[in-house]
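Working through the structure, step by step
Here are the chains, one letter per residue:
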Amino acid sequence: MKSAILTCAALLAASPALLAAAEVTKGFGPSDSGFKLDPVLPPALDDAAAKATFSIIDGQKDGASPDLAVLNDGKMPVGEDQPSANFFFANGSAGGRIGVDLGSVIDVAGVATYSWHRQGRGPQVYKLYAADGKAKDFNAAPKNGTDPKTCGWVLLAEVDTRPKTGNGGGQHAAEVSNKNRKPLGEFRHLLFDVSRTSDDSFGNTFFSEVDVLDAKQSDVQRIKPLEKIVKNYKSKDGKFRYIIDSTKAPALTEWSEKELLPVIEEWYPKLVEMLPSDGYRAPDQVTFEYRDDMGGTPAYAAGNRIALSAPWFPGQLKREAKGCVVHEMGHVVQNYWRARQTNRQPKDTPGWVTEGICDYIRWFLFEPQSNGAHVRDVGQAKYDASYRITGNFLDWVIKEKDKDLLKKLNASAREGKYEEKLWKDWTGKTVQELGDEWKKAVEEGKR
Ligand SMILES: [Zn+2]
């Protein structure tokens, strides 16, 4: 305890402006917190850091990290692993030092830092120094080996937001201020001496934003907590309800209603009609939700919910976006998960059948003009190659052998009764024989 008191006294002596050792207030939330990380307020838009000059004093930014400007642009990342929207020191390095020049001496009320990563790059570990820049021996850019306290800086706080257990994935905020709300002092310069969060070579924090609050600025604007954008639509005949949640992709709200909804309204009922089976009723409500945590997956279906990748869709609006949704609606109608509830000894439907059906519908019924399932390379012409290749195979069997094949194939899969011998029952040929015959058609350029 004694030494703590001494340190405090030493700080007071070094800088009369510093009234007390600063407090660190931490805020944490999971990736969908929208940077509402109580008790730390959401990031500020027009704080003193917005006009400040940021520079790297020591260390190297990672090749995938943007410049320091991301730290005071008032824009937050939208995904939990988004290198392009965060500043971070080079992978494998031990961290570095970031300098902030506020342009003139201001009465600093507080400093807040925000970061976000789904794993160990979420937490923050740094020492915060401040200076008014007036000391005779002041060094504005002390390198790693130099203790800033020896050249005109005071140590305001040591920040460490790492949890006791777990890797700390999620959104982090740290605010350095005085508990009694008294300003930290009059400063022009800040120095963040940043350490990586672990020895892991991917242990450098994804810093999203830095705020510096001026005690004289009374009305700071802050980012608005994410507003939910959820629209409900009922089909004209009242049979179906569609819900589109574009909270995570506000820019796609209009496109979703004007362009995507008509496709949904036309094709969902068509899919229901195309894929019937005895006693089966397809879901009468489907939810489409844009998400930003899907990695490289463009879309997927689970039950009656379809997840759409918020980062992927904008580049695909005129290309794959609509067809991709038709494919996923196919899965909602298929509902092959159901076989386990309705059949005591369900047979597994192979993935190539499930995916092949959805891609057949997509490429041959919804958008045949795109020629998206044309088999370019004969070497790929395997009936069970799944997705569009199987789609091509199914289209050939339906046209050449059995126009009711889709219904039969679907019903067998949904009821947990699919097996290979059914192909022979339906067409008189084994699936292997059909595959060979279809491959010949591919070779002859007929497919
Ligand atoms: Zn699929």
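As shown above, the structure is provided for reference.
My aim in this report is to walk through the structure given alongside it, one point at a time. (Residues numbered from 1 in each chain as written. Predicted model: local features only at pLDDT ≥ 70, side-chain atom pairs only at ≥ 80, totals over all residues. Heavy atoms only, no water.)

It is worth spelling out the nonpolar core at this point. Ranked by size, the top nonpolar core spans 66 residues in total, and within it Phe288, Tyr290, Met329, Ile361 and Trp423 carry the most contacts. By residue number, the principal contributor to this core is helix α2 (residues 253-274), which donates nine residues. Those residues in contact with tryptophan 423 that sit more than four places away from it in its chain are Trp352, Phe393, Leu394, Val397, Leu405, Leu409, Tyr418, Gly428, Lys429, Thr430, Val431 and Leu434. Listed in part, the 33 residues of the second largest apolar core include Leu68, Val176, Phe192 and Val210. (Core = buried A, V, L, I, M, F, W, Y, C linked by side-chain atoms within 4.5 Å. Buried < 20%, exposed > 50% of the residue type's maximum accessible area, 1.4 Å probe, protein only. Helix = DSSP H or I, 4+ residues; strand = E, 2+ residues; numbered from the N terminus. Contact = heavy atoms within 4.5 Å.)

Bringing the coordination of the zinc ion into the picture now. In an ideal octahedron of six donors the angles at the metal are 90 or 180 degrees, and in an ideal tetrahedron of four donors they are 109.5 degrees. Surrounding the zinc ion are the protein donor atoms His327 (NE2), His331 (NE2) and Glu355 (OE), at 2.0 to 2.1 Å. Positions of the donor residues of the zinc ion, expressed as sequence spacing, correspond to H-x3-H-x23-E. Here histidine 331, found in helix α3 (residues 321-334), pairs with glutamate 355, found in helix α5 (residues 351-366); they are 24 residues apart in sequence, far enough to count as distant. For histidine 331, a relative accessible area of 9% translates into the label buried. (Donors = N, O, S within 2.8 Å, 3.2 Å for Na, K, Ca; no water.)

Next up on the list: the layout of surface pockets. Put simply, the largest pocket is a space of about 560 Å³. Lining the largest pocket are 30 residues, with His327, His331, Thr354, Glu355 and Tyr387 positioned closest to its centre. Sorting the residues of the lining of the largest pocket by element identifies β12 (299-302), α3, α4 (339-342), α5 and α6 (387-400) as the ones contributing at least two each. Broken down by class, the residue content of the lining of the largest pocket amounts to 13 nonpolar, eight polar and nine charged. (1 Å grid on protein atoms, 1.4 Å probe; cavity = no way out; pocket = protein on both sides within 12 Å on 5 of 7 lines; lining within 4 Å. Points joined across faces, edges and corners; volume = space filled by probe spheres on them. Nonpolar A, V, L, I, M, F, W, Y, C, P; charged D, E, K, R; others polar.)

In this section: the side chain of glutamine 171. Within the secondary structure layout, glutamine 171 lies in strand β6 (residues 170-177). Among residues more than four places away in sequence, those in contact with glutamine 171 are Gly27, Phe28, Gly29, Pro30, Ser31, Ser33, Gly34, Phe35, Leu37, Ser115 and Trp116.

Here we take up the pattern of salt bridges. Using the criterion set out here, one finds 30 salt bridges in the structure. The shortest N-O distance in the salt bridge between arginine 181 and glutamate 175 comes to 3.6 Å. Judged by relative accessible area, which is 63%, arginine 181 ranks as exposed. Residues lysine 446 and glutamate 444 are paired through a salt bridge, measuring 2.7 Å at the closest nitrogen-oxygen approach. Beyond isolated ion pairs, a larger network of salt bridges with shared partners links Glu289, Arg291, Asp293 and Arg305. (Salt bridge = Lys/Arg side-chain N within 4 Å of Asp/Glu carboxyl O.)

So, about helix α9 (residues 431-443). Here α9 is 13 residues long and its end C-alpha atoms lie 18 Å apart, about the 18 Å a rise of 1.5 Å per residue gives. Buried residues along α9 sit against α5, α6 and α8 (421-427). Backbone geometry just downstream of α9 places glycine 445 in the positive-phi region, at approximately 75 degrees. (Expected span 1.5 Å × (residues − 1).)

Our next topic: the side chain of histidine 117. Within the secondary structure, histidine 117 sits in strand β3 (residues 95-117). A polar atom in the side chain of histidine 117 sits 3.5 Å from the side chain of aspartate 81. Setting aside residues up to four positions removed in sequence, histidine 117 forms contacts with Glu80, Asp81, Gly122, Gly169, Gly170 and Phe206. (Polar contact = N/O pair within 3.5 Å; in protein donor to acceptor, adjacent residues only side chain to side chain.)

Evaluation of the coordinates by the stated rule reveals one cavity of 30 Å³ or more. Taken as a whole, the largest cavity holds about 50 Å³ of empty space. Taken together, Phe54, Leu71, Ile98, Thr113, Phe192, Val194, Phe207 and Val210 form the lining of the largest cavity. Of all the secondary-structure elements, those providing two or more residues to the lining of the largest cavity are β3, β7 (185-195) and β8 (207-214). Split by residue class, the lining of the largest cavity holds seven nonpolar, one polar and no charged.

Another aspect to go through is unusual backbone geometry. Excluding glycine, residues mostly have negative phi values, and the peptide bonds linking residues are mostly trans. Put simply, aspartate 38 and proline 39 share a cis peptide bond, and its omega is 5 degrees. Its place among the elements puts proline 39 in the loop between β1 (23-29) and β2 (53-58). The phi dihedral of asparagine 371 falls on the positive side, at around 55 degrees, and the residue is not glycine. Examined against the element boundaries, asparagine 371 turns out to sit in the loop between α5 and α6. Despite not being glycine, serine 386 shows a phi value in the positive range, around 75 degrees. If you trace the backbone, serine 386 turns up in the loop between α5 and α6.

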